[in-house]
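Spelled out from the first residue to the last, the chains are:
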Amino acid sequence: GAVVSQHPSWVICKSGTSVKIECRSLDFQATTMFWYRQFPKQSLMLMATSNEGSKATYEQGVEKDKFLINHASLTLSTLTVTSAHPEDSSFYICSARDPGTSTYGYTFGSGTRLTVV
Amino acid sequence: EDKVVQSPLSLVVHEGDTVTLNCSYEVTNFRSLLWYKQEKKAPTFLFMLTSSGIEKKSGRLSSILDKKELFSILNITATQTGDSAIYLCAVVGTNAGKSTFGDGTTLTVKP
């Protein structure tokens, strides 16, 4: 089945630094990937839709200058948290769908636990 | 704005019990409803439902959709401790294929 690889699994960074999270589709080409954020004991909140070769579409309330998304190829999307602060500490997850299948089930990456100290 | 409401928010049962998790939704131009199981990390896909009245089944798990009443249920029979997880329901409309998630139901199965 479709596999989405996400790295790193966890990262601790100092306040004010930037962190890059990678999301790769391993056995399919994903023209669209989605980035979610999940706070403890809360559901997944969509942050942005990443489109290959074009600008990402951000959800209302998500700062596009803070959460930079790049989708330069059909198998790789990156999320960069710029000038991270403790309130950015969260679980970040990407997802994608293999367009070659008939299902609308999205495959998730394994997630990245970001802690900003 | 698309909306998904899951109930109950949490549930504690004993092994062998049967549970029913509920998901109601409002979505523009419904395309599909998805159920996921989330343990410690990212959610894993369980079912995709697109048509009313057709039960999807996988082992002890089953799910059905009612597009008229705008809800779905997820049943788990003969529960095991390994079923303990957060179960997430999501709907996909035609709005760029985005999924809107409910808050999830936290299921705890005690031995």
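Note: the structure precedes this text.
A brief structural summary.

Scoring rules and cut-offs
- Residues numbered from 1 in each chain as written.
- Chains lettered and ligands numbered in written order.
- Predicted model: local features only at pLDDT ≥ 70, side-chain atom pairs only at ≥ 80, totals over all residues.
- Heavy atoms only, no water.
- Helix = DSSP H or I, 4+ residues; strand = E, 2+ residues; numbered from the N terminus.
- Contact = heavy atoms within 4.5 Å.
- Buried area = accessible area lost by both parts, 1.4 Å probe.
- Salt bridge = Lys/Arg side-chain N within 4 Å of Asp/Glu carboxyl O.
- Polar contact = N/O pair within 3.5 Å; in protein donor to acceptor, adjacent residues only side chain to side chain.
- Nonpolar A, V, L, I, M, F, W, Y, C, P; charged D, E, K, R; others polar.

With that settled, consider the environment of Val117 of chain A. Residue and element names in this part refer to chain A. Mapped onto the fold, Val117 is located in the segment after β11 (112-116). Along the chain, Val117 and Glu87 lie 30 residues apart, while their C-alpha atoms are 9.6 Å from each other. Ignoring sequence-local partners within four residues, the contact set of Val117 consists of Ile12, Cys13, Lys14 and Ser15.

Let us look at the interface of chain A and chain B. Counting from both sides, the interface comprises 20 residues of chain A and, opposite them, 19 residues of chain B. Contact between chain A and chain B buries roughly 1500 Å² in total, counting both sides, with carbon and sulfur atoms accounting for 60%. Counting the contacts that link chain A with chain B gives zero salt bridges. Joining chain A to chain B, the criterion identifies two residue pairs in polar contact (both at pLDDT 80 or more). Taken together, the elements giving at least two residues each to the side of chain A that touches chain B come down to β4 (32-38), β5 (45-51) and β9 (90-96) of chain A. Among the elements that take part in the side of chain A that touches chain B, β4 of chain A stands out by supplying three residues, more than any other. Residue classes in the side of chain A that touches chain B are distributed as nine nonpolar, 10 polar and one charged.

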